[in-house]
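# Results of the structural survey
Below are the chains, spelled out letter by letter.
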Amino acid sequence: MNSISIITPTYNEEKTIIGTLDAMTRLVNPKEIIIVDGGSTDRTVELIEQYESSKLKLVKTDFANRGRQLHEGTKHASGDVFWFIHADTRPKQGAGGQILKYMKYREVVGGNFQVIFSGGTRAASFLTWLYPHLSSIGLVYGDSAFFIRAETYEEVGGFKDYPLFEDVEIYRKLLKKGRWMYLQTPVETSSRRFENHNFLWVFSKWIVKQGLYWIGFPPRILGKRYKAIR
């Protein structure tokens, strides 16, 4: 039977981290929850340290780089499956069982979940509609809660230390190693990056960055203009 390690990167997540921890600790299957903080300057670390759960492990770093934080988390994980959940993404009951159901097949290297964007805004509804269409053309993102067989993760070299597009990069590599599963069980993620902003402007910038990435523009350079949204 496979065992699951949840790995979550944080940076100034005081507004969302308790809800995320509540959602993750309610899950039956994961054996451990590893939070990798990137040097938060708000109450994130304090809230995590006060949270009562025997499954919870906090790793403190001084680098707020999502790809690097995710990879650092794997160094502290003991599960056969790494489940990467962003700090503003909340899994539903039964999601861990679904992972174990499919990971018993050796040809399956990993997968992700259907995404529902919270908030009730037009932007959230549009993104919820858009994501399945993006996956059909090979665009799969980490807020859909990737789960990856640990040994295959190591084979492909893990997440690169990119501030963005580290998820797209590893997904492309994993497709060459075996079967990738798309699970209908939804996870809920925040649409906060578009809140209090002009949606068309933010979305247009995202499209431009995505296009630059696909033509070979280095993610590290693109990430220099990638502002934290918390």
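Everything below is about the structure shown above.
Structure report, in brief. Think of each chain on its own: its residues are numbered from 1, step by step along the sequence as written. Thresholds applied to this predicted model are a pLDDT of at least 70 for local features of residues and 80 or more for the giving and counting of side-chain atom pairs; totals over whole chains, interfaces and linings are not thresholded and use all residues. Remark: hydrogens and water are excluded; side-chain values derive from all non-hydrogen atoms of the structure.

## Topic: the overall build of the protein
The condition is simple: In this description a helix means any DSSP run of H or I spanning at least four residues, a strand means any run of E spanning at least two, and both kinds are numbered starting from the N terminus. Exposure is judged per residue with a 1.4 Å probe applied to protein chains only, and the accessible area is read against the type maximum: over 50% gives exposed, under 20% gives buried, and values in between give partly exposed. Note on contacts: a residue pair is in contact if any heavy atoms of the two residues lie within 4.5 Å. Method for areas: the Shrake-Rupley scheme with a 1.4 Å probe, in which residue coverage is limited to the protein chains shown.
When its secondary structure is counted, the protein shows nine helices and eight strands. Counting every position in the protein, which comprises 230 residues, the buried fraction comes to 53%. The long-range share in the protein, meaning contacts at least 24 apart out of those at least 6 apart in sequence, stands at 79%. Carbon and sulfur atoms form 51% of the exposed surface of the protein, whose accessible area is close to 11200 Å².

## Describing helix α1 (residues 17–25)
Worth spelling out the cut-off: By construction, the arc corresponds to the directions joining the helix axis to the C-beta atoms.
Within the span of α1, buried status applies to Ile17, Thr20, Leu21, Ala23 and Met24. Buried positions in α1, seen along its axis, are confined to an arc of 160° and lie on one side of it. Lining the buried residues of α1 we find β1 (4–10), β2 (30–37), α2 (44–50), β3 (56–60) and β5 (89–91).

## A short note on the sheet that holds β5
Here is the rule we go by: Criterion used throughout: strands pair if DSSP finds at least two bridges between them. Axes here mean lines fitted to C-alpha atoms, for a helix over just the part in contact, with angles spanning 0 to 180 degrees between N-to-C directions.
Taking strand neighbours across the sheet as the criterion, the eight strands line up as β3-β2-β1-β4-β7-β6-β8-β5 in an open arrangement whose pairing is mixed. The two strands at the open ends of the sheet, each matched to only one other strand, are β3 and β5. Within this sheet the neighbouring strands show an average axis-to-axis angle of 30°, counted without direction. Taken together, the nine bridges between strand β6 (residues 108–117) and strand β8 (residues 179–189) define a ladder with parallel strand orientation. The residue of β8 that forms the bridge with Phe117 is Thr189.

## Side note on the nonpolar core
A general tendency of soluble globular proteins is for nonpolar side chains to be buried together. Convention followed: In plain words, nonpolar cores are sets of buried Ala, Val, Leu, Ile, Met, Phe, Trp, Tyr and Cys residues tied together by side-chain atoms within 4.5 Å.
Core analysis: the largest hydrophobic core is formed by 38 residues, its most contacted members being Leu21, Trp83, Ile99, Phe113 and Phe147. The biggest single contributor to this core is helix α5 (residues 122–135), with five residues. Excluding residues within four positions of it along the chain, Ile99 makes contact with Ile4, Val81, Trp83, Phe113, Phe147 and Leu183. One finds Val109, Val140, Ala150 and Val156 within the second-largest nonpolar core, a separate group that totals 20 residues.

## Some thoughts on the packing of aromatic side chains
To keep things clear, this is the line we draw: Only rings of Phe, Tyr and Trp enter the pairing, Trp through its six-membered ring, and a pair is recorded when the two centres are within 6.5 Å. The plane angle decides the type: under 30 degrees is stacked, over 60 is edge-to-face, the rest tilted.
Throughout the structure, instances matching the rule amount to 12 aromatic pairs. Centroid distance Tyr131 to Tyr141: 5.9 Å. Interplanar angle 50°. Geometry classified as tilted. In this pair, Tyr131 sits in helix α5 while Tyr141 sits in the loop between α5 and β7 (147–149), placing the two residues 10 residues apart along the sequence. The residues Tyr131 and Tyr141 share a single accessibility class, namely buried.

## Points about unusual backbone geometry
Trans is the common state for peptide bonds, and a negative phi is the common state for residues other than glycine. One non-glycine residue, Asn12, lies in the positive phi region at around 55°. Structurally, the position occupied by Asn12 is in the loop between β1 and α1. Positive phi, normally seen in glycine, also occurs at Ala145, with a value near 65°. By secondary structure assignment, the location of Ala145 is in the loop between α5 and β7.

## Observations concerning the pattern of salt bridges
Quick reminder of the rule: What counts as a salt bridge is simple: a side-chain nitrogen of Lys or Arg found within 4 Å of a carboxyl oxygen of Asp or Glu.
Tallied over the full model, the rule gives eight salt bridges. Between Lys75 and Glu72 there is a salt bridge, with its nearest N and O atoms 3.5 Å apart. When its relative accessible area of 17% is taken as the criterion, Glu72 is described as buried. Across the salt bridge formed by Glu188 and Lys92, the nearest N and O atoms sit 4.0 Å from each other. Of the two residues, Glu188 is situated in strand β8 and Lys92 in the loop between β5 and α4 (95–103); the sequence distance between them amounts to 96 residues. We classify Glu188 as partly exposed; its relative accessible area is 29%.

## Examining α4
Burial in α4 covers these residues: Ala95, Gly96, Ile99, Leu100 and Met103. Buried positions in α4, seen along its axis, are confined to an arc of 140° and lie on one side of it. Buried positions along α4 lie against β1, β4 (81–84), β5, β6, β7 and β8.

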